[in-house]
2 protein chains.
Amino acid sequence: MYFIGMDLGGTDLKLGLIDQTGTIRYKQVYPTLNTDDPHRLADSFADCIERVVAASGLDWREVAGLGIGAPGLMRSLDGELDFVTNLPALSNFGLGAAMRQRLGLPVTVDNDVNAMVLAEFLHGAAKGCRNVVGLTLGTGVGGGLIIDGRLYRGASFCAGELGHISIESNGLLCNCGNYGCLERYVNRDGIVGRFEALYVHKGQASSIARYLDHGAITPLAIAAAASAGDQLARFVLFETGRFLGTALSGIINILNPEMVVVGGGIANAGELILEPARQEIARRAYPLPARTARLVQAGFLNDAGIVGAAALAEAALAEAAL
Amino acid sequence: MYFIGMDLGGTDLKLGLIDQTGTIRYKQVYPTLNTDDPHRLADSFADCIERVVAASGLDWREVAGLGIGAPGLMRSLDGELDFVTNLPALSNFGLGAAMRQRLGLPVTVDNDVNAMVLAEFLHGAAKGCRNVVGLTLGTGVGGGLIIDGRLYRGASFCAGELGHISIESNGLLCNCGNYGCLERYVNRDGIVGRFEALYVHKGQASSIARYLDHGAITPLAIAAAASAGDQLARFVLFETGRFLGTALSGIINILNPEMVVVGGGIANAGELILEPARQEIARRAYPLPARTARLVQAGFLNDAGIVGAAALAEAALAEAAL
């Protein structure tokens, strides 16, 4: 039995056919159609899905459902998306129902970070855990929660905004209007901004020029320099880990999870961020929950989107069977 | 059907017989026996319970279970207490099993803050909600979580330590070893300390002398002065509410609850703290979860301990019936 995972972004539509062990049988990336017409968009998604299933060599009868993960806000009543970042055509459209009608398959729609956490819980680093905190570090900082073995969505389907807890009540102003949000310290701009403040403005030495990412200082470039021993890059990632650990200490004291899984592009920096975060958690969180919560890198990094989306469909089928 | 609620502290043993609507039929307070022998302690608890049931006029067949709430840390395997604050004799003793043996009743033991939150969920301010954050403000700041209609205990039975999230990563050192914990700003010492800094050390005017609590400046005295219009007392409680709202904003962004219930002695200050907390939440939390989460005073203030303990027994019976 296979699930179609659809990772929907403003630029790319990523599709995959994933089995019940989380293994990808076939995957493909298409450009997202640029249109204001949600019906034409849904038609194009259905087309791409038809092509992917045909190319995979699977029979439609082997496809048990479609999961859609998208950056956006869930609507509480019907599990549709209120709002999709960079795809205004789909806001309040009812994408799940539209795809259900076109494909004749069960369709589950959710936030892409919830999807990522579910993938880690079902098939990745957090397999076998019951209570999991998932975080994605990238342009933004997202989060999702597995509580007692189920994705926890909250009273109005927006639980898990882990990037928006304040670690400094009078800290940096965040786009969300709050001050000192974790996101401002550990997202792409936070990391690059701190590096540049020291490198460009303070003139501190670094070998970063050798590791630029398409000519730019990015978290990837900083991680590459740090891996090669660059002290300034290591310091900036160490600080990033400490900020992360500070926020996670509170989260761990509140939720007492077995595992905290960190994904998103910046998680590629791995132990350079995770190890200082662990030290900070050991210093700040209560001893018992600190010992209980293992902090690990996500198992699915590049394919998290499609595996996560397929996991949404898989989990929905399992819930329906209960 | 009735449940015995036993609120166990180092000084007082509070007992009550509570029905399935959360109504107290009979209650009594006894001094906690001062002994190092846990068996003698358990005997004395059983004695007091026998006396309370006899005095209530109930038949033992009408008593469906005993719930015990105590300040302490739960053990994960068998739901006993690892550690009871101010009652070292009971640490690692197996109080639940001992009471079960003596009384022949189903016994449920839990942390007293979990008990309080459960009482609010079953019979108090949060009745009918599915996702509830409960906080107690007193000498310490405790917390408990109802997630999807059940008390959430976490991976090692210590979830809900809401007092120990840092709102200032380099803030005041907390007893727990972390810096800037909410508890340091909104507990008894935090409130009284800020009042005294302004009143005693800065010499700011206040009518507090008219409202002293057994001769002392306490949160109760400050609340009484504030209610009578004292500007300094009002300011200190306003600030307390802002600290509370800052921490709750993060908690609301993470958990997206329908309700946040605030109990404990300091909750008697009511709107003087809750209203500035609401304003802070409106400024800091995401709009949707901020609108969703109602912040209210606990329904059970003085009897929270026994009603909560009885609620533990009631919830355990309901779970067993599933």
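Student: With reference to specific residues and values, describe helix α5 (residues 188-201) of chain B.
Tutor: Residue and element names in this part refer to chain B. Helix length check: α5, at 14 residues, gives a terminal C-alpha distance of 18 Å against a target of 20 Å (1.5 Å per residue), a fit within 8%. Buried within α5 we find Gly190, Ile191, Val192, Arg194, Phe195 and Leu198. Buried residues belonging to α5 abut α4 (182-186), α6 (219-227) and α7 (231-255). Just past α5, the residue Gly203 takes up positive phi, approximately 65°.

Student: Give me empty space enclosed by the protein: which residues, what numbers.
Tutor: Rolling a probe over the atoms, with the probe sized like a water molecule, indicates the empty space that remains. What the rule picks out here adds up to four cavities of 30 Å³ or more. Roughly 130 Å³ of internal volume is contained in the largest cavity. At the level of secondary structure, the elements contributing two or more residues to the lining of the largest cavity comprise α7 (231-255) of chain A together with α7 of chain B. Per-element tally for the lining of the largest cavity: the top contributor is α7(A), with five residues.

Student: Report on the pattern of salt bridges, specifying residues and quantitative values.
Tutor: When charged atoms on two side chains of opposite charge get close, those side chains can pair. Tallied over the entire structure, the rule returns 22 salt bridges over all chains. When the shortest N-O distance is used, the salt bridge between Arg61(A) and Asp59(A) registers 2.9 Å. In this structure, Glu280(B) engages Arg284(B) in a salt bridge whose closest nitrogen and oxygen atoms are separated by 2.8 Å. Placement of the pair is Glu280(B) and Arg284(B) together in helix α8 (residues 271-284), with a separation of four residues, close to one helical turn. For Glu280(B), a relative accessible area of 2% translates into the label buried. Connected via shared salt-bridge partners are Arg242(A), Glu280(A), Arg283(A) and Arg284(A).

Student: Break down the state of the cysteines for me, with residues and values.
Tutor: Residue and element names in this part refer to chain A. In this structure the tally under the stated criterion is zero disulfides over all chains. Residue Cys158 stays outside any disulfide, its sulfur separated by 13 Å from that of Cys176, the closest cysteine. Free cysteine: Cys176, not disulfide-bonded; nearest cysteine sulfur from Cys181 at 3.7 Å.

Student: Can you break down the relation of the copies chain A and chain B residue by residue, with the values?
Tutor: The operation relating chain A to chain B is a screw motion whose rotation component is 180°, with 0.0 Å of axial translation and a residual RMSD of 0.0 Å. Considering both components of the superposition, the chain copies are consistent with a two-fold axis. Proximity to the rotation axis, assessed at the C-alpha, singles out Glu168(A) in chain A; its C-alpha lies 2.3 Å from the axis.

Student: Hey, could you go over the sheet that holds strand β11 (residues 259-263) of chain B for me, with residue numbers and the actual values?
Tutor: Residues and elements named next belong to chain B. Taken together, five strands build an open sheet; the order of strands is β10-β9-β8-β11-β12 and the sheet is mixed. The sheet is open, and its two borders are formed by β10 (150-152) and β12 (294-297), each paired with just one other strand. Pairs of neighbouring strands in the sheet enclose a mean axial angle of 25°, with direction left out of account. Here strand β8 (residues 132-137) runs beside β11; their pairing, made up of five bridges, is parallel. Across the sheet, residue Thr136 finds its bridge partner in β11, namely Gly263.

Student: Which residues make up the sheet that holds strand β1 (residues 2-8) of chain B, and what values go with them?
Tutor: All names here are of chain B. Spatial strand order, β3-β2-β1-β4-β7: five strands in an open sheet with mixed pairing. Only two strands of the sheet have a single neighbouring strand rather than two, namely β3 (24-31) and β7 (107-111). The average angle at which neighbouring strand axes cross in this sheet is 15°, direction not considered. Both β1 and strand β2 (residues 12-19) contribute to a ladder of seven bridges, which runs antiparallel. Bridged to Phe3 within β2 is Ile18. The sheet strands contacting helix α3 (residues 112-123) are β2, β4 (63-70) and β7, and the helix crosses β7 at an angle near 110°.

Student: How would you explain the interface of chain A and chain B if you had to name every residue and give the values?
Tutor: At the interface, 42 residues of chain A touch 42 residues of chain B. Both faces considered, chain A and chain B share a buried interface measuring about 3,500 Å² in area, 55% of it formed by carbon and sulfur atoms. Here chain A is connected to chain B by zero salt bridges. The interface formed by chain A and chain B contains 26 residue pairs in polar contact (both at pLDDT 80 or more). Looking at the side of chain A that touches chain B, the elements with two or more residues in it are β9 (141-147), α7, α8 (271-284) and α9 (287-292) of chain A. If you tally residues by element for the side of chain A that touches chain B, the top one is α7(A), at six residues. Taken together, the residues of the side of chain A that touches chain B sort by class into 20 nonpolar, 15 polar and seven charged.

Student: Got a sec to walk through α7(B)? Specific residues and values, please.
Tutor: Residue and element names in this part refer to chain B. Relative to the 36 Å expected for 25 residues at 1.5 Å per residue, α7 spans 35 Å between its end C-alpha atoms, a close match to the ideal helical length. Structurally, the start of α7 carries an N-cap: the backbone nitrogen of Leu232 is 3.3 Å from a side-chain oxygen of Asp230. Residue Asn256 follows α7 closely and has a positive phi angle near 45°.

Student: Describe unusual backbone geometry, naming the residues involved and giving the relevant values.
Tutor: Residues and elements named next belong to chain A. In this structure, Phe157 takes a positive phi of about 60° despite not being glycine. Relative to the elements of secondary structure, Phe157 occurs in the loop between β10 (150-152) and α4 (182-186). Take Phe157: its relative accessible area is 24%, and that puts it in the partly exposed class.

Student: Explain the nonpolar core residue by residue, including any values.
Tutor: Ranked by internal contacts, the top residues of the largest apolar core, which has 101 residues, are Leu255(A) and Leu255(B). Setting aside residues up to four positions removed in sequence, Leu255(B) forms contacts with Leu145(A), Tyr152(A), Gly154(A), Ala159(A), Ile254(A), Leu255(A), Val133(B), Leu145(B) and Ile147(B).

Student: Could you give an account of the environment of Leu145(B), with specific residues and numbers?
Tutor: Here Leu145(B) lies in strand β9 (residues 141-147). The spacing of Leu145(B) and Gly229(B) is 84 residues in sequence and 35 Å in space, taken between C-alpha atoms. The contacts of Leu145(B), once residues within four sequence positions are left out, are Ile254(A), Leu255(A), Val117(B), Val132(B), Val133(B), Arg150(B), Leu151(B), Tyr152(B), Gly160(B), Leu162(B) and Leu255(B).

Student: Provide a residue-level description of the packing of α7(A) against α7(B), including the pertinent values.
Tutor: When two helices pack together, their arrangement is captured by the angle between the axes and the distance separating the axes. Relative orientation of the contacting elements α7(A) and α7(B) amounts to 65°, with a least axis distance of 12 Å. Relative to α7(B), α7(A) is oriented roughly perpendicular. α7(A) and α7(B) meet at a crossing whose hand is right-handed. Seen from α7(A), the contacting residues are Ile251(A), Ile254(A) and Leu255(A); seen from α7(B), they are Ile251(B), Ile254(B) and Leu255(B). Partitioned by chemical class, the residues of the contact of α7(A) with α7(B) number six nonpolar, no polar and no charged.

Student: Please set out the pairing of β9(B) residue by residue, giving values where relevant.
Tutor: Looking along a regular strand, one sees side chains alternate from face to face of the sheet. Residues and elements named next belong to chain B. Burial analysis of β9 places seven of its seven residues in the buried class, the great majority of the element. Burial of β9 is two-sided: the residues Val141, Gly143, Leu145 and Ile147 facing one way and the residues Gly142, Gly144 and Ile146 facing the other way are all buried. As judged from the six bridges shared by β8 and β9, these two strands associate in the antiparallel manner. Of the residues in β9, the one forming a bridge with Val133 is Leu145. The antiparallel pairing of β8 with β9 creates a hairpin that spans three residues between the two strands. As defined by bridge partners, β9 adjoins β10 across three bridges and the pair is classed as antiparallel. Bridged to Ile147 within β10 is Arg150. Between β9 and β10, which pair antiparallel in sequence order, lie two residues; one of them, Asp148, sits at a positive phi of approximately 50°.

Scoring rules and cut-offs
- The written sequence of each chain sets the order in which its residues are numbered from 1.
- Lettering for chains starts from A, numbering for ligands starts from 1, and both go in the order in which the items are written.
- For a predicted model such as this one, the threshold for reporting local features is a pLDDT of at least 70, and the threshold for listing and counting side-chain atom pairs is 80 or more; totals across whole chains, interfaces and linings nevertheless cover every residue.
- Side-chain metrics in this entry use all non-hydrogen atoms of the structure; hydrogen atoms and water are not considered.
- Put simply, DSSP marks the helices as runs of H or I at least four residues long and the strands as runs of E at least two long, and each gets a number from the N terminus on.
- Multiplying one less than the number of residues by 1.5 Å gives the expected span of a helix.
- For the exposure calls, accessible area comes from a 1.4 Å probe over protein chains only, and a residue counts as buried if that area is under 20% of its type's maximum, exposed if over 50%, partly exposed in between.
- In what follows, residue pairs with any heavy atoms lying within 4.5 Å of each other are defined as contacts.
- In this analysis the probe radius is 1.4 Å and the grid spacing 1 Å, with only protein atoms considered; a cavity is a set of points the probe fits into but cannot get out of, a pocket is an open set with protein on both sides within 12 Å along at least five of seven lines, and lining residues have an atom within 4 Å of a point.
- Grid points are joined across faces, edges and corners, and a volume is the space filled by probe spheres set on the points.
- When a carboxyl oxygen of Asp or Glu lies within 4 Å of a side-chain nitrogen of Lys or Arg, that pair is called a salt bridge.
- Here, a disulfide means two cysteine sulfur atoms that sit within 2.5 Å of each other.
- To superpose the copies, least squares is applied to the C-alpha atoms of every residue with a pLDDT of at least 70 in both.
- Two strands qualify as a pair provided DSSP detects at least 2 bridges between them.
- As a rule, the C-alpha atoms of each element are fitted with a line to give its axis, helices using only the stretch in contact, and angles between N-to-C directions run from 0 to 180 degrees.
- Defined in terms of a 1.4 Å probe, buried area is the accessible area two parts forfeit on being brought together, summed over both.
- Polar contact criterion, stated in full: a pair of N or O atoms within 3.5 Å, where within protein one must be able to donate a hydrogen and the other to accept it, and residues adjacent in sequence count only if both atoms are side-chain atoms.
- Basically, the charged four are Asp, Glu, Lys and Arg, the nonpolar ten are Ala, Val, Leu, Ile, Met, Phe, Trp, Tyr, Cys and Pro, and anything else, Gly included, counts as polar.
- Residues belong to a common nonpolar core when they are buried Ala, Val, Leu, Ile, Met, Phe, Trp, Tyr or Cys residues joined through side-chain atoms within 4.5 Å.
- Here is the rule for angles: anything less than 35 degrees is roughly parallel, anything more than 145 is roughly antiparallel, 65 through 115 is roughly perpendicular, and the remaining ranges are oblique.
- Note on convention: the crossing is left-handed when the near helix lies turned anticlockwise from the far helix by less than a right angle, right-handed when the turn is clockwise.

Shape descriptors only; they carry no functional weight alone.
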